[in-house]
Amino acid sequence: MQRTIAAWRHVSTNTLALGRRLGDAEWAAPTGCPKWTVGDIFAHHVGVESWMRDGKGAPDLPVDDFTQRDVDARRDTPRTAVLDELEEVLRARAEQLETADPESIAHTAWGTRTTLATQMRHRTFDLWVHEQDVRWALHALRHGPGPAHTVTDGPAAVLVGRILLAALPKIVAKDARAPIGSAVRVSVLGGFDVTVRVGDDGRASFEEATSEAVAAPTAHVTLSRPEYVRRSAGRDLPSGPVWISGDRDLGERLVDALNVAP
């Protein structure tokens, strides 16, 4: 929990600092989130952090309507006012978290009951991905469409990387429908290189580096870390190269199934 809070503090501080450097044109720039501008993302953060600060129960609306309500409410609010509101609610949240019980009851944005520790992992993931949304939008505004810089260091990036890596076995076995006995190697340049094999029970697990499945996988997918992050976040942005060897159909199903974000 303390590592998660440290990651949340780091990414929330970075996000606010990034917002303070924006001008009007940048604030109004479109992002990879459909219908949301850069400014809308900051309004979204205000809404979610305020909901968590106030300790409210499950959202009273479906998740898309729940997140959109706070965005719509601030569409005509000046940029500085939104950022001031975000700074204040982040300060209040940081104070709360100093004495928070990680096992206390909380809820996800989908209304599922969970613990504060899990809720904070979800929140840190959301903040970090949206930080990348803003950076990608600024890159497109200044330089035109194309691959953009992705933050790959810092505690939030590490936390998100662990979440994405832990999701791979399910993605391989269930979402990519890899057959029993098959193995998929995923190489993220500058990130990780792992192989996931589907066992006789239909469940997937990571293989030891010395196993035959690693040496001769059924499919091998290689992509850059920024491209992996964009696909895992489900963002429809200009794509970087993806290399697939072996069973191409399986490799393509895996790439199409990488999204773990709403």
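Note: the structure precedes this text.
Keep in mind it's a predicted model, so treat the numbers as computed, not measured.

Caption draft 1: Main features of the overall build of the protein. Of regular secondary structure, the protein possesses ten helices and seven strands. For 262 residues, the compact-globule formula gives about 18 Å, and the C-alpha radius of gyration of the protein, at 20 Å, lands near that figure. Dimensions along the principal axes, computed over C-alpha positions, put the protein at roughly 55 × 45 × 30 Å. By the burial criterion, 47% of the 262 residues in the protein qualify as buried. Taking as baseline every contact in the protein between residues at least 6 positions apart, the subset at least 24 positions apart corresponds to 65%. Of the accessible surface of the protein, which amounts to about 12,900 Å², a share of 51% is contributed by carbon and sulfur atoms.

Caption draft 2: Up close: the packing of helix 6 (residues 116–143) against helix 7 (residues 155–175). Taken N-terminus to C-terminus, the directions of helix 6 and helix 7 make an angle of 110 degrees; their axes are 9 Å apart at the nearest point. As judged from the angle between their axes, helix 6 and helix 7 are roughly perpendicular. Read as a crossing pair, helix 6 and helix 7 show a hand that is left-handed. Between helix 6 and helix 7, the residues in contact are Arg-121, Thr-124, Phe-125 and Trp-128 and Ala-156, Ala-157, Leu-159, Val-160, Ile-163 and Leu-164, respectively. For the contact of helix 6 with helix 7, the per-class residue count stands at eight nonpolar, one polar and one charged.

Caption draft 3: Broad picture of the side chain of Arg-74. Within the secondary structure, Arg-74 sits in the loop between helix 4 (63–73) and helix 5 (79–97). For Arg-74, the residues in contact, after removing those within four places along its chain, are Ala-43, Val-46, Val-82 and Glu-85.

Caption draft 4: Expanded view of the packing of helix 3 (residues 38–53) against helix 5. Contact pair helix 3 / helix 5: the axes reach a minimum separation of 9 Å and the direction vectors enclose 30 degrees. Here helix 3 lies roughly parallel to helix 5, going by the angle between them. Along this stretch, helix 3 crosses helix 5, giving a crossing that reads as left-handed. Counting all contacts with helix 3, which are made through Phe-42, Ala-43, His-45, Val-46, Glu-49, Ser-50, Met-52 and Arg-53, the residues of helix 5 involved are Val-82, Leu-83, Glu-85, Leu-86, Val-89, Leu-90, Ala-92, Arg-93 and Gln-96.

Caption draft 5: Representation of the environment of Arg-203. Residue position: Arg-203 is located in the loop between strand 4 (193–198) and strand 5 (204–206). Between the C-alpha atoms of Arg-203 and Pro-169, which are 34 residues apart in sequence, the distance is 7.7 Å.

Caption draft 6: The pairing of strand 3 (residues 183–189), seen in detail. Along strand 3, five of the seven residues are buried, which leaves the element largely enclosed by surrounding structure. Bridge analysis of strand 3 against strand 4 gives five bridges, and the strand direction is antiparallel. In the strand pairing of strand 4, Val-186 is matched with Val-194. Turn length for the strand 3-strand 4 hairpin, with the two strands adjacent in sequence and antiparallel, is three residues, and the turn residue Gly-190 shows positive phi of about 80 degrees. In this sheet, strand 6 (residues 219–224) lies alongside strand 3 in parallel orientation, the contact comprising six bridges.

Here is what the cut-offs are and how they apply
- Residues numbered from 1 in each chain as written.
- Predicted model: local features only at pLDDT ≥ 70, side-chain atom pairs only at ≥ 80, totals over all residues.
- Heavy atoms only, no water.
- Helix = DSSP H or I, 4+ residues; strand = E, 2+ residues; numbered from the N terminus.
- Rg over C-alpha atoms; globule rule 2.2 N^0.38 Å.
- Buried < 20%, exposed > 50% of the residue type's maximum accessible area, 1.4 Å probe, protein only.
- Contact = heavy atoms within 4.5 Å.
- Areas by Shrake-Rupley, 256 points an atom, 1.4 Å probe, with all protein chains shown as cover.
- Axes fitted to C-alpha atoms, helices over the stretch in contact; angles between N-to-C directions.
- Parallel < 35°, antiparallel > 145°, perpendicular 65-115°, else oblique.
- Left-handed = near helix turned anticlockwise from the far one by under 90°.
- Nonpolar A, V, L, I, M, F, W, Y, C, P; charged D, E, K, R; others polar.
- Pairing = 2+ DSSP bridges.

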